[in-house]
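Topology and contacts: notes
The chain contents come next:
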Amino acid sequence: MKKLGFALAGVAFSATAAFAQEVFKPAVVYDLGGKFDKSFNEGVQTGAEKYKKDTGTDYRDFEPQNDAQREQALRRFARDGFSPIVAVGFSQETALKKVADEFPKTKFAIIDAVVEKPNVQSIVFKEHEGSFLVGLLAVQASKSGKVGFVGGMDIPLIRKFACGYVQGAKYAKANAEVFQNMTGTTGAAWNDPVKGGELAKSQIDRGADVVYHAAGGTGVGVLGAAAKAGKLGIGVDSNQNALQPGKILTSMVKRVDIATYNAFDQAKKGTFKPGVSVLGLKEEGVAWALDDNNKALITPEMKAAVDKASADIKSGAIKVHDYMSDSKCPVQ
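In this report, we go over the structure that sits alongside the text. (Residues numbered from 1 in each chain as written. Predicted model: local features only at pLDDT ≥ 70, side-chain atom pairs only at ≥ 80, totals over all residues. Heavy atoms only, no water.)

**Here's the deal with the overall build of the chain**
Inclusion rule: A run of H or I in DSSP becomes a helix once it reaches four residues, and a run of E becomes a strand once it reaches two; helices and strands are each numbered from the N terminus. Note that the radius of gyration is over C-alpha atoms, with the globule rule given as 2.2 Å times the number of residues to the power 0.38. Partly exposed residues are those whose accessible area sits between 20% and 50% of the maximum for their type, while under 20% is buried and over 50% is exposed, using a 1.4 Å probe and protein chains only. Here a residue-residue contact requires only that any non-hydrogen atoms of the pair lie within 4.5 Å. Residue-level accessible areas treat just the shown protein chains as cover; the underlying method is Shrake-Rupley with a 1.4 Å probe. By the counting scheme adopted, Arg and Lys are positive, Glu and Asp are negative, and His together with the chain ends is not counted. Each charge is placed at NZ for Lys, CZ for Arg, CG for Asp and CD for Glu.
Within the chain, the secondary structure is distributed over 12 helices and 12 strands. For 332 residues, the compact-globule formula gives about 20 Å, and the C-alpha radius of gyration of the chain, at 21 Å, lands near that figure. Projecting the C-alpha coordinates of the chain onto the three principal axes gives extents of approximately 75 × 40 × 40 Å. Within the chain, the fraction of its 332 residues that count as buried is 53%. Considering only residue pairs separated by 6 or more positions, the chain has 67% of its internal contacts joining residues 24 or more positions apart. Total accessible area computed for the chain in this model is approximately 14,500 Å², and 52% of it derives from carbon and sulfur atoms. Charge separation in the chain, taken as the distance between the mean sites of 43 positive and 37 negative side-chain charges, equals 1 Å.

**A short note on a nonpolar patch on the surface**
The cut-off we apply is this: Residues enter patches when their relative accessible area tops 30% and they take part in no salt bridge; the joining distance is 9 Å for like charges and 5 Å for the nonpolar side chains Val, Leu, Ile, Met, Phe, Trp and Tyr. Basic side-chain nitrogens of Lys or Arg form a salt bridge, by our definition, when they fall within 4 Å of a carboxyl oxygen of Asp or Glu.
Residues V114, V276 and V278 make up a contiguous nonpolar surface patch of roughly 200 Å² in combined accessible area. Considering the arrangement of structural elements, one finds V276 in strand 11 (residues 275–279). Its relative accessible area of 45% is what places V276 among the partly exposed residues.

**So, the sheet that holds strand 4 (residues 108–111)**
The condition that has to hold: When DSSP locates at least two bridges between a pair of strands, those strands are taken to pair. Angles run from 0 to 180 degrees between N-to-C directions of axes, and those axes are lines fitted to C-alpha atoms, restricted for helices to the stretch in contact.
Read across the open sheet, the 6 strands follow the order 2-1-3-4-5-11; overall the sheet is parallel. Both edges of this open sheet fall to strand 2 (60–62) and strand 11, since each of them pairs with a single strand only. Neighbour to neighbour, the strand axes of the sheet diverge by 15° on average, direction disregarded. Contacting strand 1 (27–29), strand 2, strand 3 (85–88) and strand 4, helix 4 (residues 68–79) crosses the sheet at an angle of about 165° to strand 2.

**Things to note about the packing of helix 4 against helix 5 (residues 93–102)**
What counts here: Here the angle decides the label: under 35 degrees means roughly parallel, over 145 means roughly antiparallel, 65 to 115 means roughly perpendicular, and every other value means oblique. With the far helix as reference, a near helix turned anticlockwise by less than a right angle produces a left-handed crossing, and one turned clockwise produces a right-handed crossing.
Close contact between helix 4 and helix 5 brings their axes to 9 Å; oriented N to C, the two are set at 20°. One finds that helix 4 runs roughly parallel with respect to helix 5. Handedness of the crossing formed by helix 4 with helix 5: right-handed. Here helix 4 contributes E71, L74, R75 and A78 to the contact with helix 5, which in turn contributes A95, L96, K98, V99 and E102.

Pasting the structure below:
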């Protein structure tokens, strides 16, 4: 690659920036809650760290503390010549639309939203499919027939998790009862473990003996409250089984780590393509976690049932309704 843009004095800043954008310099802008939330953001960080370990390529990242910082961070990274830039979370959609237009030669990837721009790769998941499986397991493990769900921010995406969970619970037992609570309506709902614990306890007080969360950092409080009460929790996004060994039934794993790793790798190899990738069970984008921390909680009968349901979802024999398709859930 020619270095003319760096050699000539007096060259316009915009030309220098355009050249820099062609260099492979990966970066990540996390969602609120931070990269050590033990859940969604940390899954992204895991993927970036694995790429760094495998290839020796470092990356930059930023943890926004408020909504305005998303756009600022994306623009700063692009201006400094970083590419690809991974935007984590649906909340970055509006900011990315603006910044992607300003820096057309920069490659961007966004997780959990769709931004239709020629330099943006959008990666979304079939969270309802993975949530169906853990809902099925929850009811099979339940002694009361009552299970719970604690969401983070009350948005359609989290309703999608909840709806899939309820469908799986009702598939296992038609008269199963599912309690549902959302933590809040702002970004603060992703990082409030105290309230998460309170909501889980209220569901447990009503008879729930398994509680699933889709609440980011708030979920640490959900899992802790379930363990303290002698009940079972279900983790989300990352494999959270080790947070409360023997007290977490499973985790609904969402492979944001692979999505991040692939975005970096494709940009490095020149195979990065814009467009939308939708990752479900068939694509190994979602799954349920089984390891040494929870294997004693999963009976052979439970594993057989969840394996069959997984195969049926992949084949189309079971169709899990996507709440985001019509803002409705066929079961409650």
